[in-house]
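Each chain, letter by letter, is given below.
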Amino acid sequence: MNVADVKVCVLRIEGTNCELEMAECFRRLGAQAEILHLKQLTGECSPDKKRQLSEYQILMLPGGFSSGDYVRAGAIFAARMKNALMRDLVDFVEKGYAIGGICNGFQILVELGLLPGIDKTYSEVPEVALGINDSARFECRPTYVKCESSGKCVFTRNIRKGRNLLIPSAHAEGKLILPDGKADEMLQRMIEQDQIVFRYVDYMGNYSGYPWNPNGSIYNIAGICNSTGNVFGMMPHPERVFYRIQHPDWTQNDIGENVGDGRAIFESVLSYITKKF
Amino acid sequence: MFFPTMEKYTVEVKVELKKGVTDPEGENTKKALALLGFNAIESVRSLRVYELMVSAETKEKAIAIAEESCRKLLANPVIHNYKIMVKEL
C-alpha cells in the first residue's frame, strides 16, 4: 500500500499530552494520522465520531500523564482498554499491524500485558513493571540510546544496529523492573529473541549508569519490542527530535537535510506497513 | 421473592512494594528526614492505602471484590504485594 493510504490512530484519554507531535510526525511523512479519544473506539460517543481499530494499520500510544498517573503511570488507561478493547488489540497484533508506545504509552503497553510478550501475544497480568526512577525524580533531559535491534523490531528497521541516537527523556516512572527470581531468565530470553531495542549509553556510546541512564532501568533498557517485533515501547520521546533543529546542539553543527534522530523510527514503521500490506 | 440484603463494608487495601524492589520514594524521604535531624529514623518505606466502600451481601464477597480490583488495577504483581482488611464499623 502507499504511504498516503496508511492510517495511523493516535490514541488519547484525559491527561495525554504528546498526541499532536506524534500525529504530526506521521503526517509529515505523508501518512494519515487521526487523534482519537479512547471513547471513540469503545463506542461511548456520538455515532459520527465512532471508529473501529480495524480501520487503522498503526496504533500509537503517545506520552503524557493519562488519568494524572494515578495508581501507577498508565495503569488506568490500560485497565480501560483491557476492559473494552482487548480482543481487538490482540487481533490487531496477530494480524501483524504495528503498535507503538512512547513514554506513557510504553507504560500502558506494559500494564496491558502486550509487552514484553515473550511467549504469547499478551498476558493477563503485567509481566514486568516500569517503576519509579531510582532518583525518585522526574528526569527530563536529552538522553543517548544505542540501537540494539538486529531487525526484529519494525520500528527500527531503518536504523543500523549499534547506532547512537539522541532522544529526550521526560519521565518519573521509567525503570524497567523484571520479576524477582525470573529476571535473568527473562532478560536472556529477550536478548535471544532480539527484543531489546534501545539501551541508554553515554555520549561516547558506552553503557553507563546515572545520569546517562535516567531511571536505573535493568540492563540500561530504554525500549523493547514483543517477540514478533510489531509491538514496541520506549521511554524517550522520538517525536521530539523529528527535525535536526530540535536537537539541543543544532546551532553548532551543519543541520544538513534537517533530519532529527527520532525520524527514522516513524519512517521504519511506515515502510514496514507499506511493504507488508 | 428473595432479595439478598446488601451491606456496606469499608475495605482497606494496602499496596506495598515487594521485598527486594527498591523504594526510591522511601529512601529519599529518609534522607530528607535525616537532614532535618531525625537520625533516629532508621528506615522509611512508602506504601499506598486505598479505602473502598463496597456494597456486598457478605464480608467475604466484599473482600473478593477488593481482591479483583487489586488484580485488575490497584497492584502490579511484578513489584507489589497487597493486603486487604475489612474495617469494623
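Residues numbered from 1 in each chain as written. Chains lettered and ligands numbered in written order. Predicted model: local features only at pLDDT ≥ 70, side-chain atom pairs only at ≥ 80, totals over all residues.

### A look at the overall build of chain B
On a plain count of helices and strands, chain B comes out with 2 helices and 3 strands. Overall, chain B shows an N-to-C arrangement of helices and strands of β-α-β-α-β. Computed over the C-alpha atoms, the radius of gyration of chain B is 18 Å, more than 25% above the 12 Å expected from 2.2 N^0.38 for a compact globule of 89 residues. A principal-axis box enclosing the C-alpha atoms of chain B has dimensions of 65 × 30 × 15 Å. Residues classed as buried in chain B amount to 12% of the 89 residues present. (Helix = DSSP H or I, 4+ residues; strand = E, 2+ residues; numbered from the N terminus. Rg over C-alpha atoms; globule rule 2.2 N^0.38 Å. Buried ≥ 20, exposed ≤ 12 C-beta atoms within 10 Å, placed from the backbone.)

### Observations regarding the nonpolar core
Residue and element names in this part refer to chain A. Judged by nonpolar contacts, the single largest core of 81 residues is most densely connected at V8, V10, I58, L109 and V269. Per-element tally for this core: the top contributor is helix α3 (residues 75–94), with 8 residues. The contact partners of V269, leaving out residues within four places of it in the chain, are I58, A98, G100, V154 and F155. (Core = buried A, V, L, I, M, F, W, Y, C linked by C-beta atoms within 7 Å. Contact = placed C-beta atoms within 7 Å.)

### Points about the sheet that holds strand β6 (residues 139–147) of chain A
All names here are of chain A. Strand order in the open sheet formed by 9 strands is β2-β1-β3-β4-β11-β10-β9-β6-β7, and the pairing between neighbours is mixed. Looking at which strands have only one partner, the edges of the open sheet turn out to be β2 (32–37) and β7 (164–171). Taking each pair of neighbouring strands and ignoring which way they run, the sheet shows an average axis angle of 25°. Direction of pairing for strand β4 (residues 98–102) relative to strand β11 (residues 231–234): parallel, over a ladder of 4 bridges. (Pairing = 2+ DSSP bridges. Axes fitted to C-alpha atoms, helices over the stretch in contact; angles between N-to-C directions.)

### Observations regarding α3 of chain A
Residue and element names in this part refer to chain A. Between its first and last C-alpha, α3 extends only 23 Å over 20 residues, short of the 28 Å set by a 1.5 Å rise per residue. Within α3, the axis deviates most sharply at L85, by approximately 85°. When we look at burial in α3, the residues that qualify are A75, I76, F77, A78, M81, L89, F92 and V93. Looking at the residues trailing α3, positive phi occurs at G96, about 95°. (Expected span 1.5 Å × (residues − 1). Bend = angle between axes of the 7 residues up to and from the residue.)

### What about the sheet that holds strand β1 (residues 7–17) of chain B?
Residue and element names in this part refer to chain B. Reading across the sheet, the 3 strands line up as β2-β1-β3 and stay open at both edges, with antiparallel pairing between neighbours. Single-partner strands in this sheet number two, and they are β2 (47–56) and β3 (80–87). Averaged over all pairs of adjacent strands, the angle between their axes in this sheet comes to 25°, without regard to strand direction. As paired strands, β1 and β3 are joined by 8 bridges and run antiparallel to one another. Paired with E12 across the two strands is M85, which belongs to β3. Sheet strands in contact with helix α2 (residues 59–74) are β1, β2 and β3, and its direction is about 40° off that of β1.

### What to know about unusual backbone geometry
Residues and elements named next belong to chain A. Put simply, L115 and P116 share a cis peptide bond, and its omega is 5°. If you trace the backbone, P116 turns up in the loop between α4 (104–112) and β5 (129–131). Even without a glycine there, the phi angle at C103 is positive, about 60°. Structurally, C103 is set in the loop between β4 and α4. According to the C-beta neighbour criterion, C103 is buried, with 30 such atoms within 10 Å. The phi dihedral of A136 is positive, around 60°, even though this residue is not glycine. Position of A136 among the secondary structure elements: in the loop between β5 and β6.

### A few points about helix α6 (residues 263–276) of chain A
Residue and element names in this part refer to chain A. Between the first and last C-alpha of α6 there are 20 Å, a value that for 14 residues agrees with the 20 Å anticipated at 1.5 Å per step. Along α6, the positions that sit buried rather than exposed are R263, A264, I265, F266, S268, V269, L270, Y272 and I273. Buried residues along α6 sit against α1 (19–28), β3 (58–61) and β4.

### Comments concerning the interface of chain A and chain B
Often, the extent of an interface is quoted as the loss of accessible area on bringing the components together. Counting residues at the interface gives 18 residues for chain A, matched by 15 residues for chain B. Looking at the side of chain A that touches chain B residue by residue, the classes come out as 11 nonpolar, 3 polar and 4 charged. (Nonpolar A, V, L, I, M, F, W, Y, C, P; charged D, E, K, R; others polar.)

### Focus: the environment of E27 of chain B
All names here are of chain B. You can see E27 is positioned in helix α1 (residues 24–35). Overall, the presence of 16 C-beta atoms within 10 Å leaves E27 in the partly exposed class. As for E27 and R45, which are separated by 18 residues in sequence, their C-alpha atoms are 7.4 Å apart.

### Here we look at the environment of T5 of chain B
All names here are of chain B. Turning to its location among the elements, T5 is positioned in the segment before β1. On the neighbour-count criterion, T5 (6 C-beta atoms within 10 Å) is exposed. Separated by 57 residues in sequence, T5 and A62 place their C-alpha atoms 13 Å apart.

### Quick look at the packing of α3 of chain A against α4 of chain A
Angle between the axes and distance between the axes: these two values describe a pair of packed helices. Residue and element names in this part refer to chain A. With their axes 8 Å apart at the nearest point, α3 and α4 run at an angle of 50° to one another. Taken together, α3 and α4 sit at an angle that is classed as oblique. In terms of crossing hand, the pair formed by α3 and α4 is right-handed. On the side of α3, the interface is formed by A75, F77, A78, M81 and K82, while α4 contributes I108, E111 and L112. (Parallel < 35°, antiparallel > 145°, perpendicular 65-115°, else oblique. Left-handed = near helix turned anticlockwise from the far one by under 90°.)

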